[in-house]
Amino acid sequence: MQVPFLSFQPQHEPVREEIMAAVGRVYDSYWYVLGEEVKKFEQAYSEFNQVAHTVGVANGLDALVLALRVLDIGPGDEVIVPSNTYIATWLAVTQVGATPVPVEPNPVTSNLDPARIGAALTPRTRAIMPVHLYGQACEMGTIMALATEHNLHVVEDNAQSQGAAFDGQLTGSFGAVSGTSFYPGKNLGALGDAGAVTTNDAALDQKVRVLRNYGSQQKYYNEVVGYNSRLDELQAAVLDVKLRHLPEWTRQRQQVAAWYDQHLADIPDLRLPVVAAGATHVYHLYVVHTPERESLQRHLTAQGIGTMIHYPVPPHRQQAYATLQLPAGSFPIAEELAASCLSLPMYPGMSEEQVGTVAAGIRSFFAASSL
């Protein structure tokens, strides 16, 4: 049995009629940008995420940029970011003119380690940007306490974790303002690029709405230098349909993860995901770690099992950040995670038989390598 890394088919086919009806409704409305569909989805997502306000924007990176902008974070400021994350987290900080200050993750969870944040703070620090990586909530209790103690903003990168929670509170609802992504592969995915900003602050909500629309509240009257970053009606209508199915899709992801945990238990040199106390995991990705990552990936590929690496190069080692002069060894935990991580197939609709096929492939690899 071949097992693809990702398949939309088992997720999309059951909702095809709902999606096609939504697309047709938008097509027939003759209104395609910032209309009733966007308003409807923004309200629905606010209710889902238990926040007062959602602002639909063009993509997840823009969501983070706008979140930082409305907090007046810019040149001369520093923002704490994880050393282990997708580069978009850092790019948002750079795009507003601030400086990303990396902090190492907890090597067990791969998420930002709150115990390491204090040593990275300076008088120029303005915000902490935790990333709920792979679908697991960060340890937000300690992070929020640190932010309060040092009078810092918290801007969550919730691109991978819609529906995750820490101590019962949903990710994307802790920060003064936070960003999320609806890229198609995300747990809640559009049919193209899309994103959103969430906040409980009415003033920040209004600032984001102005910035996303050319800095304008009234057409052709521009108050500030803004952006063109607007969630379109088509994506909003699709997202509104899919949002209603997200809790069930999350349950399916968690079931797939439980099957993996059972089928992959007790394999030497293979570390499975660990969920921190108080956190929930919605399994955007199921990431294992092994020092034999490249060989294992080749073995699985030869058996028709798809895998991916999230992410092979940490941001501080990317050419884009060469000017920061952070050589190899600067952040050894992030570098070790990047060298050993492997994402296994994970999507709603996977069967236990498929999980068993992946697990059998992994077990056959380690059985052969132990001979």
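Computed from a predicted structure; not experimentally measured. (Residues numbered from 1 in each chain as written. Predicted model: local features only at pLDDT ≥ 70, side-chain atom pairs only at ≥ 80, totals over all residues. Heavy atoms only, no water.)

## Quick look at the domain arrangement of the protein chain
Interface size, as often reported, equals the accessible area lost upon joining of the parts.
1) Next: According to the domain assignment, the protein chain consists of domain 1 (8-103 + 110-241) and domain 2 (246-370).
2) Next: Each of domain 1 and domain 2 was reduced to a C-alpha centroid, and the two centroids are 25 Å apart.
3) Next: Every contact between the two is made by 34 residues of domain 1 and, on the other side, 34 residues of domain 2.
4) Next: Where domain 1 abuts domain 2, roughly 2900 Å² becomes buried across the two surfaces, and 64% of that area is made up of carbon and sulfur atoms.
5) Next: The largest per-residue losses of area from domain 1 upon contact with domain 2 belong to Tyr134, Gln136 and Asn187, which jointly make up 26% of the total buried on that side.
6) Next: Applying the counting rule to domain 1 against domain 2 returns zero salt bridges.
7) Next: For the pair domain 1 and domain 2, the interface holds 15 residue pairs in polar contact (both at pLDDT 80 or more). (Domains from an automatic or database assignment. Contact = heavy atoms within 4.5 Å. Buried area = accessible area lost by both parts, 1.4 Å probe. Salt bridge = Lys/Arg side-chain N within 4 Å of Asp/Glu carboxyl O. Polar contact = N/O pair within 3.5 Å; in protein donor to acceptor, adjacent residues only side chain to side chain.)

## Thoughts on the nonpolar core
1) Next: Counting residues in each nonpolar core, the largest one holds 28 residues, and the members touching the most others are Leu68, Ile73, Val79 and Val177.
2) Next: Listed by contribution, the elements that provide at least two residues to this core are strand E1 (53-57), helix H4 (60-70), strand E2 (78-82), helix H5 (88-95) and helix H7 (202-212).
3) Next: Other than its neighbours up to four places away in sequence, Val79 contacts Leu68, Ile73, Val93, Ala98, Thr99, Pro100, Val101, Ala127 and Met129.
4) Next: In this structure, Trp259, Leu272, Leu344 and Tyr347 belong to the second largest nonpolar core, which totals 26 residues. (Core = buried A, V, L, I, M, F, W, Y, C linked by side-chain atoms within 4.5 Å. Buried < 20%, exposed > 50% of the residue type's maximum accessible area, 1.4 Å probe, protein only. Helix = DSSP H or I, 4+ residues; strand = E, 2+ residues; numbered from the N terminus.)

## Digging into the UniProt feature "active site" (unreviewed entry) in the protein chain
1) Next: Taking the UniProt record as the reference, the feature "active site" (unreviewed entry) is found at Lys186.
2) Next: Looking at the secondary structure, you find Lys186 in the loop between strand E8 (177-181) and strand E9 (195-199).
3) Next: What makes Lys186 buried here is its relative accessible area of 16%. (UniProt positions renumbered as here; feature names shortened; annotations may be inferred.)

## A closer look at the pairing of E2
In regular strands, side chains alternate between the two faces of the sheet.
1) Next: Of all the five residues making up E2, five are buried; the element is thus mostly covered by neighbouring parts of the structure.
2) Next: Where burial is concerned, the two faces of E2 agree: the one with Glu78, Ile80 and Pro82 and the one with Val79 and Val81 are both buried.
3) Next: Inspection of the sheet shows E2 paired to strand E3 (residues 99-103) by five bridges, in the parallel sense. From the neighbouring strand, Pro82 faces E3, where its bridge partner is Val103.
4) Next: Remark: the E2/H5/E3 crossover connection has right-handed handedness.
5) Next: The sheet contact formed by E2 and strand E4 (residues 125-128) spans three bridges and is parallel. Directly across from Ile80, in E4, lies its bridge partner Ile128. (Pairing = 2+ DSSP bridges. Right-handed = clockwise from strand over helix to strand, strands pointing away.)

## Focus: the packing of aromatic side chains
1) Next: Enumeration according to the criterion identifies nine aromatic pairs in this entry.
2) Next: Relative to Tyr286, the ring of Tyr260 has its centre 4.6 Å away and its plane inclined at 25°; by these criteria the two rings are stacked. A residue pair is termed long-range when its members are at least 10 positions apart, and Tyr260 in helix H8 (residues 233-263) and Tyr286 in strand E12 (residues 286-289) qualify at 26 residues. Just as Tyr260 is buried, Tyr286 falls in that class too.
3) Next: With a centroid separation of 5.1 Å and an interplanar angle of 80°, the aromatic rings of Phe365 and Phe366 are classed as edge-to-face. For the pair shown, Phe365 and Phe366 are each scored as buried.
4) Next: An aromatic cluster of at least three residues, connected via ring pairs, comprises Phe41, Tyr45, Phe48 and Phe182. (Phe/Tyr/Trp six-rings, centres within 6.5 Å; stacked < 30°, edge-to-face > 60°.)

## Focus on the state of the cysteines
1) Next: Scanning the model with the defined rule gives zero disulfides in all.
2) Next: With no disulfide partner, Cys138 has as its closest neighbouring cysteine sulfur the one in Cys341, 16 Å distant.
3) Next: Judged by relative accessible area, which is 0%, Cys138 ranks as buried.
4) Next: Given a relative accessible area of 2%, Cys341 falls into the buried group. (Disulfide = S-S within 2.5 Å.)

## Concerning unusual backbone geometry
1) Next: His310 connects to Tyr311 through a cis peptide bond whose omega is 10°.
2) Next: As for its placement among the helices and strands, Tyr311 is situated in the loop between helix H9 (293-302) and helix H10 (332-340).
3) Next: Backbone geometry at Asn151 places phi at a positive 55°, although glycine is not the residue there.
4) Next: For Asn151, the location among the structural elements is in the loop between helix H6 (140-149) and strand E5 (153-154).
5) Next: Among the residues examined, Asn151 registers a relative accessible area of 72% and is labelled exposed.
6) Next: One non-glycine residue, Asp266, lies in positive phi territory at about 65°.
7) Next: Of note, Asp266 is situated in the loop between H8 and E12.
8) Next: Residue Asp266 is classed as exposed on the basis of its relative accessible area of 75%.

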